[in-house]
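What follows is each chain in one-letter form.
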Amino acid sequence: MDGLDEERRHAERCRDGLRRMLDTARDNVITGETVAADRYSAERLGRHLKSLAKELSEEPDGPPFFGRLDFGRDSADHAGRAYHIGRRHVPGEHGAPPLVIDWRAPVSRAFYRAGARDPQGVAVRRRFGWSGGTLTSYEDERLELGEQGDSRILAAEIERPRVGPMRDIVATIQPEQDDLVRAGLEESVCVQGAPGTGKTAVGLHRAAYLLYAHRQRLERGGVLVLGPNRAFLGYIAAVLPALGEAGVEQTTLEGLLSAASPSALVRAADGPDAEAVKHDARMAEVLRRALYARVGEPDGPLAVPDGSYRWRVGEGELRDIVAGTLRDDLPYLTGRERVRARVVELVRRQAEARGQAANAAWVRRIGRGVTPFLDAVWPSVRPEEVLCEVLTCPPEDGPLTGEERRAITWARPPRTYRSAAWSRADLVLLDEVAGLLERPAGYGHVIVDEAQDLSPMECRAVARRSEHGSLTVLGDLAQGTTPWAARSWPEVMAALGKPRARIVALTTGFRVPATVVELANLLLAALDADVPETRSHRRDGRLRVVRVPGLERGVVAAAREALGFEGSVGVIAADDHAEALKAALWDGGLDLGERLSVLPASLAKGLEFDHVVVAEPAAIAEAERRGLNRLYVALTRAVSRLDVVHARPLPAPLATPDAVRT
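About the criteria used
- Residues numbered from 1 in each chain as written.
- Predicted model: local features only at pLDDT ≥ 70, side-chain atom pairs only at ≥ 80, totals over all residues.
- Heavy atoms only, no water.
- Axes fitted to C-alpha atoms, helices over the stretch in contact; angles between N-to-C directions.
- Helix = DSSP H or I, 4+ residues; strand = E, 2+ residues; numbered from the N terminus.
- Parallel < 35°, antiparallel > 145°, perpendicular 65-115°, else oblique.
- Left-handed = near helix turned anticlockwise from the far one by under 90°.
- Contact = heavy atoms within 4.5 Å.
- Nonpolar A, V, L, I, M, F, W, Y, C, P; charged D, E, K, R; others polar.
- Buried < 20%, exposed > 50% of the residue type's maximum accessible area, 1.4 Å probe, protein only.
- Pairing = 2+ DSSP bridges.
- Right-handed = clockwise from strand over helix to strand, strands pointing away.
- Expected span 1.5 Å × (residues − 1).
- UniProt positions renumbered as here; feature names shortened; annotations may be inferred.
- Core = buried A, V, L, I, M, F, W, Y, C linked by side-chain atoms within 4.5 Å.
- Polar contact = N/O pair within 3.5 Å; in protein donor to acceptor, adjacent residues only side chain to side chain.

**Focus: the packing of helix H10 (residues 253-260) against helix H19 (residues 456-465)**
It is at 11 Å that the axes of H10 and H19 come closest, and there the two elements cross at 65°. As judged from the angle between their axes, H10 and H19 are roughly perpendicular. Remark: the crossing between H10 and H19 carries left-handed chirality. Within the contact between the two elements, H10 uses Leu-253, Leu-256, Leu-257 and Ala-260 and H19 uses Glu-458, Ala-461, Val-462 and Arg-465. Looking at the contact of H10 with H19 residue by residue, the class counts come to six nonpolar, no polar and two charged.

**Some remarks on the pairing of strand S11 (residues 445-448)**
Regular strands show a simple pattern: their side chains alternate between the two faces of the sheet. Side chains His-445 and Ile-447 of S11 all project onto a buried face; the interleaved residues Val-446 and Val-448 project onto the opposite face, where all are buried too. Looking at chain direction, strand S7 (residues 223-227) and S11 are connected through four bridges and run parallel. Opposite Val-225, over in S11, you have Ile-447 as the bridge partner. Across four bridges, S11 lies against strand S12 (residues 470-475) in parallel orientation. Within S12, the position partnered with Ile-447 by the bridge is Thr-472. Handedness of the crossover joining S11 and S12 through H19 is recorded here as right-handed.

**Side note on helix H14 (residues 332-353)**
The terminal C-alpha atoms of H14 lie 32 Å apart, and with 22 residues this matches the ideal 32 Å at 1.5 Å per residue to within 8%. For H14, every residue scored as buried is listed here: Tyr-332, Gly-335, Arg-336, Val-339, Arg-340, Val-343, Val-344, Leu-346, Val-347 and Ala-351. Among the structural elements, helix H12 (282-292), strand S9 (302-306), strand S10 (309-313), helix H13 (315-327), helix H15 (360-377) and helix H18 (424-437) are those in contact with the buried residues of H14. Immediately beyond the C-terminal end of H14, within one or two residues, lies Gly-355, with a positive phi of roughly 85°.

**Focus on the sheet that holds strand S17 (residues 569-573)**
Pairing in this open sheet of five strands is parallel, and the strands run S16-S20-S19-S17-S18 from one edge to the other. The strands lining the two open edges of the sheet, one partner per strand, are strand S16 (542-547) and strand S18 (596-600). Strand-to-strand, the axes of this sheet are offset by a mean angle of 20°, without reference to chain direction. Summarising the sheet, strand S19 (residues 609-615) and strand S20 (residues 638-646) pair through six bridges and their orientation is parallel. If you follow Val-612 over to S20, its bridge partner there is Leu-642. Sheet strands in contact with helix H22 (residues 551-562) are S16, S17, S18, S19 and S20, and its direction is about 155° off that of S20. Sheet strands in contact with helix H23 (residues 578-587) are S17, S18 and S19, and its direction is about 160° off that of S18.

**Concerning the UniProt feature "domain: UvrD-like helicase C-terminal" (unreviewed entry) in the protein**
In the numbering used here, UniProt assigns the feature "domain: UvrD-like helicase C-terminal" (unreviewed entry) to residues 604-642. Structurally, residues 604-642 comprises 38% helix and 31% strand, and the distance from its first C-alpha atom to its last is 14 Å.

**Notes on the side chain of Asp-178**
For Asp-178, the position within the fold is in helix H5 (residues 175-181). Apart from the residues within four sequence positions on either side, Asp-178 is in contact with Arg-109, Tyr-112, Arg-113 and Ile-173.

**A short note on the nonpolar core**
Trp-103, Val-343, Trp-422, Val-462, Leu-496, Leu-635 and Leu-642 are the most contacted members of the largest nonpolar core, which totals 156 residues. Top element by residues in this core is helix H6 (residues 199-213). It accounts for eight residues. In this structure, Leu-642 is in contact with Val-516, Leu-519, Arg-542, Leu-543, Arg-544, Val-612, Val-614 and Leu-635, ignoring residues within four places of it in sequence. In terms of nonpolar packing, the next biggest core, distinct from the first, is built from 20 residues, Val-571, Ala-578, Val-613 and Ala-615 among them.

**Examining the sheet that holds strand S13 (residues 502-506)**
The parallel open sheet is built from six strands, whose spatial order is S8-S7-S11-S12-S6-S13. Edge strands, defined here as strands with exactly one partner in the open sheet, are strand S8 (249-252) and S13. In this sheet, adjacent strand axes meet at a mean angle of 15° when their direction is disregarded. Two strands pair when backbone bridges link them, and strand S6 (residues 189-193) and S12 are joined in this way by four bridges, in the parallel orientation. Paired with Gln-192 across the strands is Gly-475, a residue of S12. On the sheet, H10 packs against S7 and S8 and is oriented at approximately 100° with respect to S8.

**Digging into the environment of His-205**
Tracing the backbone shows His-205 in helix H6. Placed 17 residues apart in sequence, His-205 and Ser-188 show a C-alpha to C-alpha distance of 15 Å. If we ignore the near neighbours within four places in the chain, the residues touching His-205 are Trp-103, Asp-168, Ile-169, Val-170, Ile-173, Val-181, Val-239 and Leu-243. A polar contact of 3.0 Å, which involves the side chain of His-205, links it to the backbone nitrogen of Ile-169.

Structure (structure tokens):
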């Protein structure tokens with residue numbers, strides 16, 4: 001096999017190849033502007049070429065490859081061939097073999113799946129070590145000879161300090177992760193992932209893989225990534241572009257619903273009782289009844305004007321049309337137009353029986369003549385009107401109790417729906433009504449992270465957008481922090497419309513050290529979550545539990561020491577402590593910026609820091625009903641070192657001799 005110098009020369013050839021790709025893409029943009037085609041096709045081609053050129057010009061200047069596969073002579077399809085594996089395919093010059101194979105290509109699967117017990121035709125698997133853009137080392141595993149050991153390069157990549165946004169894991173994907181990443185497009189998958197198991201990375205890499213393997217199908221519907229909050233989206237934003245996929249929509253569920261109801265501005269906040277009722281699945285039935293209560297029965301025959309003539313449709317026929325359309329169970333506005341079409345059809349038959357031609361213009365005119373009848377028996381309506389009516393006076397004949405109806409009733413109803421002050425929970429209800437009116441546009445694949453926190457009504461909002469697509473659902477029941485947090489994944493998947501989805505548990509953590517995992521595992525028994533204990537692949541890391549006389553001074557001292565190490569530092573505190581700790585750190589001469597952050601515990605989910613300082617665990621645990629779950633999240637954000645700083649006694653599950661170690 002080639003030595004380090006030859007591999008470095010190959011890296012230079014790869015960089016030359018990437019430069020050729022960029023030059024070709026820019027030339028194609030110029031050529032595409034003069035292409036002979038219809039306007040729509042030319043514009044579409046131009047957008048595609050410009051997008052490709054932009055992606056290549058902005059692609060991170062990282063290593064062109066991270067691995068190599070040398071197949072043995074007995075390989076069925078690749079005998080004696082060698083392939084470098086990287087984030088992007090790099091073609092050879094003048095029709096030569098490719099310089100780099102995309103990690104998503106079928107042949108690349110063996111890089112992640114082959115082992116000494118099952119070499120899959122691979123004689124040697126090589127991993128490369130890089131320092132910035134410089135190739136510094138490599139390791140060989142001679143799989144055909146049964147050689148496979150712990151990789152120093154793999155361990156170094158997993159444990160590399162983190163500063164800035166989340167990175168991709170293409171060089172370190174494990175076999176069980178690769179199985180999930182490459183699951184078929186038609187298959188919906190639920191991943192129960194303990195902290196540090198890479199569940200978020202699995203979801204993002206699955207998006208990249210599906211776009212590679214099924215690009216044509218997904219270009220129509222697209223891929224949607226839903227995260228828990230804006231901080232999380234900022235943290236993961238660079239992963240998919242680094243994998244060559246810059247066009248994936250990434251947003252929060254609130255952002256998605258706000259875009260669907262742009263006129264419904266959030267200007268109010270619900271109390272806990274009202275919020276709990278609004279997120280309950282029974283609200284779907286309340287809203288459905290309120291909407292269809294608007295449909296009335298015809299109270300006489302209909303006369304449809306046609307110039308000076310009037311066509312008559314009998315009351316019995318009209319009743320049959322309305323009743324039949326209700327039985328069809330169509331979206332409300334589709335049903336309204338179905339009633340119009342059926343009435344027009346009856347009139348058309350009468351006209352043709354009299355010898356009158358019923359052309360398209362005539363049909364449209366008669367359809368307009370039916371509108372007053374429709375407005376009376378099947379009126380058009382906006383989602384805001386329906387919800388305003390329900391929250392002003394919830395119907396007594398529905399599934400809610402009297403106490404629940406009082407909880408959601410507006411204390412001061414608005415004069416009209418246009419002046420209503422909506423809450424975040426109301427956005428979910430507005431989306432439910434909008435889905436009853438007409439089906440929303442769906443996606444080919446939807447990835448939902450931190451899905452354990454979805455309410456039943458939020459699940460319905462996601463399900464409407466993935467009705468004809470598939471889902472990748474990511475979460476950890478132990479990290480559920482909302483009042484309605486899930487306790488069972490089958491229940492969640494049923495609510496999302498995918499009851500037959502495969503549910504897979506990832507229990508081996510590759511990011512969080514064992515000493516941190518063992519502390520967090522002490523909380524599991526108190527969390528009311530049936531999940532297995534996390535096991536860590538890493539035996540490094542440091543844990544310190546320190547009691548201090550003054551919390552702010554103790555946190556400042558811990559943060560100052562943490563900044564002496566390489567990597568990012570996160571101070572996590574109860575929400576109402578965060579601002580005071582920020583001020584204390586500033587007063588202590590520590591700059592809050594790229595390396596040091598202070599964040600409330602409610603925003604820590606999904607984030608990672610090399611060094612975490614958890615301030616006053618008791619305050620985090622007492623701040624909300626599922627406070628111990630929130631504390632579990634905070635403790636497991638550390639990927640190298642964890643300091644637990646407290647002035648008050650620790651919560652009971654942590655107050656054991658085993659919990660205190662340095």
